[in-house]
Amino acid sequence: MSVPVRVRNLEKNFGRYPALKGVSLDVEAGELVALLGPSGSGKTTLLRAIAGLEQADGGQVLFGDIDANSLSLRERRIGFVFQQYALFKHMTVFDNIAFGLRARPRSSRPSEAAIKSRVLDLLHLVQLDGLEVRYPAQLSGGQRQRVALARALAIEPRVLLLDEPFGALDARVRKDLRKWLRELHQRTGHTTLFVTHDQDEAFELADRIAILDKGCIEQVGTAAEILEHPATPFIDSFIEGIARREAQARDWTKPHVVASR
Amino acid sequence: MAMSDRFLPLAHTPERATSETALTRAVLIAIALLFLAAVLFLPLVTVFMEALRKGWGTLFESFSDPDTLAAVRLTLIVAAIAVPFNAIVGLAASWAIAKFEFKGKNLLLTLIDLPFSISPVISGLVFVLLFGAQGWLGPWLVAHDIQIIFAVPGIVLATVLVTFPFVARELIPLMQSQGTSEEEAALMLGASGWYTFLHVTLPNVKWALLYGVLLCNARAMGEFGAVSVVSGHIRGLTNTMPLHIEILYNEYNFVGAFAVASLLACLALLTLLAKSLLEWRFSDELAATARRH
């Protein structure tokens, strides 16, 4: 089900302002990769270009061997979780999650019974059993986020893309959801890219991290690789906080304080 | 608005929002109520009282006048054409303006506002200049035996022009504030453009659309100026209700004039009643989506 994503020399300009200057990135099947960078670095533009929500001015996106440009949005089958979730306000949680299945052409649409069992399965997966009759306005931020994720998973996506998945949540809920998302990824195994501006989030959650600045990828690597060999002065300063905390953690002997801030 | 509505129950603060004394507030409220009574309520009551001055019998008699019936029929026909047309075109224009970026967007916005800013008489005159016997297309129309001015098509055109902004003006700000993320989400989930419009865009604006349609309808039935210019005031043929009222009034047939006026007022009240009924019927849904008008 999951496919690798290959980005080749992707370029995108907004007017005269270049948002992506020839970005290349390889994401293996089933990998969880963070796109990290300060605001205005082009990370969200990259995510939206992979999704097909932005038309790139040059370069290529490949899902496995297939050129994304040859696919319509429907054929791309990408699960996208928006920053503010973009849940359908006038629909119940059930109808939100069922949307992608009901919107299929009649020939490939599952029966209402099959849709129902799939939606209830997904609700169970995101731990929201029993909330299917609620409207989005009646949910907490964390619950909405999980509905958005269940809705994206309902279409059995090739790739899962998350735009600042925890951006709108308070610190406590963020930490819980981070752990939960990590577990969910291990269980479902989707190729996943997520955008974040939070270094801790990227380093704690992702298999690999791609750090962007001013429309270019500065470095791609695992947390350890980046911390040990920052490729550029920008990376050095950008991860300074994390590097210092890691060093402190190593100095301390008690293992249970390692993860705390 | 959605946010403030949702958090309203939490905002129980003991302090008052204003510092005015009870007397000041009572005076201000009284002035507002008096003003409303004098400007809104009194004229409405007068219309019905004048219509009933000679009793119910005379009132119904004036309704059975064939010219009056023709005027009522014509008004309903014109509204039945103009309102759906403006609802569909207004919805399409709002959708294009709010959800897409294109060249000439500001020009389109200005054009939509134009009927509000020019006098209805001019809106009517434009059609006379275009389609009248001495107008640009007049000779061609005469040659092909097509009558627009002093006939129903002209009245419909004038009404459409004058009432065009109502739906679009109601929808554009709402659609712009809603943004495009729900549509993008629908497209990413594999929905077609048309499915997205029907299941996401339209339900999100249905109350604004209804409100716009009701305003548009009220104005379409009540339009006087533009219609007066293109109609030609042919009794029983091209007189709408407002025009018919004026004729009856000028002939000193006060009961007749006010009878038709009361009917027109009743149509307007029915429109408002329909809106209230719909809001009441769907109040659960309105509360759930926390959007109100």
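Placed above this text is the structure.
Predicted, not measured: the structure shown is a model, and the values here were computed from it. (Residues numbered from 1 in each chain as written. Chains lettered and ligands numbered in written order. Predicted model: local features only at pLDDT ≥ 70, side-chain atom pairs only at ≥ 80, totals over all residues. Heavy atoms only, no water.)

S.K.: Residues and numbers for the environment of His90 of chain A, please.
M.R.: Position of His90 of chain A among the secondary structure elements: in the loop between strand 6 (78-81) and helix 3 (93-102). Among the residues examined, His90 of chain A registers a relative accessible area of 15% and is labelled buried. As for His90 of chain A and Thr192 of chain A, which are separated by 102 residues in sequence, their C-alpha atoms are 29 Å apart. A distance of 3.4 Å separates the side chain of His90 of chain A from the side chain of Asn204 of chain B, its partner in a polar contact. (Helix = DSSP H or I, 4+ residues; strand = E, 2+ residues; numbered from the N terminus. Buried < 20%, exposed > 50% of the residue type's maximum accessible area, 1.4 Å probe, protein only. Polar contact = N/O pair within 3.5 Å; in protein donor to acceptor, adjacent residues only side chain to side chain.)

S.K.: How would you summarise the packing of aromatic side chains if you had to cite specific residues and measurements?
M.R.: For the structure shown, the criterion picks out 14 aromatic pairs over all chains. Measuring from ring centre to ring centre gives 6.2 Å for Phe127 of chain B and Phe131 of chain B, while their planes differ by 10 degrees; the resulting arrangement is stacked. In this pair, Phe127 of chain B and Phe131 of chain B are both assigned in helix 6 (residues 120-131), four residues apart and thus about one turn of the helix distant. Overall, the relative accessible area of 18% leaves Phe131 of chain B in the buried class. Linked through ring pairs, Trp95, Phe100, Trp194 and Phe197 of chain B together constitute an aromatic cluster. Taking the ring centre of Trp180 of chain A as reference, the NZ or CZ of Arg146 of chain A above it sits at 5.9 Å. A cation sits over an aromatic face here: Arg151 of chain A above Phe88 of chain A, 4.6 Å from the ring centre. (Phe/Tyr/Trp six-rings, centres within 6.5 Å; stacked < 30°, edge-to-face > 60°. Lys NZ or Arg CZ within 6 Å of the ring centre and 35° of its normal.)

S.K.: Explain the nonpolar core residue by residue, including any values.
M.R.: If you look at the biggest cluster of nonpolar residues, it comprises 48 residues, and the most contacted ones within it are Ile97, Leu149, Leu181, Phe203, Ile209 and Ile211 of chain A. Element by element, the count of residues in this core is highest for helix 5 (residues 141-153) of chain A, at six residues. Excluding residues that lie within four positions of it along the chain, Ile97 of chain A makes contacts with Val119, Leu122, Leu123, Val147, Ala150, Arg151 and Ala154 of chain A. Counting 42 residues, the second largest nonpolar core, distinct from the first, contains Val7 and Phe88 of chain A together with Ala186 and Tyr195 of chain B. (Core = buried A, V, L, I, M, F, W, Y, C linked by side-chain atoms within 4.5 Å. Contact = heavy atoms within 4.5 Å.)

Geometry only, nothing functional implied.
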